[in-house]
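# Fold and contact review
Each chain is listed here by its residues.
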Amino acid sequence: DTGVSQNPRHKITKRGQNVTFRCDPISEHNRLYWYRQTLGQGPEFLTYFQNEAQLEKSRLLSDRFSAERPKGSFSTLEIQRTEQGDSAMYLCASSLGQGAFETQYFGPGTRLLVL
Amino acid sequence: AQTVTQSQPEMSVQEAETVTLSCTYDTSESDYYLFWYKQPPSRQMILVIRQEAYKQQNATENRFSVNFQKAAKSFSLKISDSQLGDAAMYFCAYEDYGGSQGNLIFGKGTKLSVKP
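Residues numbered from 1 in each chain as written. Chains lettered and ligands numbered in written order. Predicted model: local features only at pLDDT ≥ 70, side-chain atom pairs only at ≥ 80, totals over all residues. Heavy atoms only, no water.

### Overview of the confidence of the model for chain A
Taken over all residues, the pLDDT of chain A has a mean of 92, while the share at 70 or more is 98%. Of all secondary-structure elements in chain A, the lowest mean pLDDT belongs to strand S6 (residues 53–57) of chain A, at 88, while strand S3 (residues 19–24) of chain A reaches the highest, 98. (pLDDT = per-residue confidence, 0-100. Helix = DSSP H or I, 4+ residues; strand = E, 2+ residues; numbered from the N terminus.)

### Here we look at the interface of chain A and chain B
Listed as interface residues are 22 residues of chain A and, on the opposing side, 21 residues of chain B. Each partner contributes to the roughly 1800 Å² buried at the junction of chain A and chain B, and carbon and sulfur atoms together form 52% of this total. Run the count over chain A and chain B and you get 0 salt bridges. Taken together, the connections running from chain A to chain B amount to 5 residue pairs in polar contact (both at pLDDT 80 or more). Put simply, the parts of the chain that give the side of chain A that touches chain B at least two residues each are strand S4 (31–37) and strand S5 (44–50) of chain A. With 4 residues, S4(A) is the largest single contributor of residues to the side of chain A that touches chain B. Grouping the amino acids of the side of chain A that touches chain B by side-chain chemistry returns 11 nonpolar, 8 polar and 3 charged. (Contact = heavy atoms within 4.5 Å. Buried area = accessible area lost by both parts, 1.4 Å probe. Salt bridge = Lys/Arg side-chain N within 4 Å of Asp/Glu carboxyl O. Polar contact = N/O pair within 3.5 Å; in protein donor to acceptor, adjacent residues only side chain to side chain. Nonpolar A, V, L, I, M, F, W, Y, C, P; charged D, E, K, R; others polar.)

### Focus on the layout of surface pockets
Roughly 670 Å³ of volume is contained in the largest pocket. Residue lining of the largest pocket: 30 residues in total, with A:Gln37, A:Met89, A:Arg111, B:Gln39 and B:Ser42 positioned closest to the centre. Of all the secondary structure elements, the ones that give two or more residues to the lining of the largest pocket are strand S9 (88–95) and strand S11 (110–114) of chain A together with strand S10 (88–96) and strand S12 (110–115) of chain B. Looking at the lining of the largest pocket residue by residue, the class counts come to 14 nonpolar, 11 polar and 5 charged. Looking at the second largest pocket, it is lined by 23 residues, and the ones nearest its centre are A:Glu44, A:Phe45, B:Gln2, B:Asn103 and B:Ile105. Elements that contribute at least two residues to the lining of the second largest pocket include exactly S5 of chain A together with strand S1 (3–5), S10 and strand S11 (105–106) of chain B. Here the lining of the second largest pocket takes 3 residues from S10(B), the largest share from any one element. Of the residues contributing to the lining of the second largest pocket, the split by class is 9 nonpolar, 8 polar and 6 charged. (1 Å grid on protein atoms, 1.4 Å probe; cavity = no way out; pocket = protein on both sides within 12 Å on 5 of 7 lines; lining within 4 Å. Points joined across faces, edges and corners; volume = space filled by probe spheres on them.)

In structure tokens:
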């Protein structure tokens with residue numbers, strides 16, 4: 001399967017714990033995006049990378065959130081000191097990275113539940 | 001700030017019939033892109049159709065077509081000959097042309113049910 005993959009698919013944690021999610025984009029894609037989707041809402045943009053450079057971060061990405069893409073391939077999203085409000089589906093997407101108006105290919109998401 | 005509004009939380013259609021999902025958006029930009037994404041239950045989101053704002057011709061993809069009304073800032077999706085596999089959440093999304101590339105702004109979605 002050459003699509004976008006995300007691990008883990010589900011994560012249950014206790015408030016205050018740190019969690020890390022991984023996203024593996026389609027191999028030739030230079031851009032990688034993170035979104036958050038809460039129940040009954042559309043996805044909300046968090047951040048995106050062009051290769052290893054993090055080019056934009058949403059105001060939604062508080063100081064407790066950090067994303068990396070060290071070698072321009074896979075990416076990790078870490079949430080420190082989780083709060084119940086962090087419970088959501090975290091979606092990763094990738095695109096070729098050649099300009100705007102590109103199709104973003106989404107992964108299956110990581111569903112986080114903070115107890 | 002740009003916003004996307006989908007005023008129909010849920011829609012239902014009979015198999016083989018046609019349904020139209022509504023989407024309006026607000027922007028001060030003249031160049032932008034619009035998308036419809038489909039999210040089946042417990043499956044990943046996939047692109048259904050997309051439209052460049054500077055193109056007046058409405059995009060079509062097989063049974064899917066859009067009615068793009070730039071002045072009215074409206075971008076509806078028409079699904080013809082509906083099939084059971086069309087049942088899903090449908091999200092309308094907006095992207096700036098020259099600003100935050102890749103930053104898709106989504107509506108809240110419309111849940112489409114298809115009755116056999």
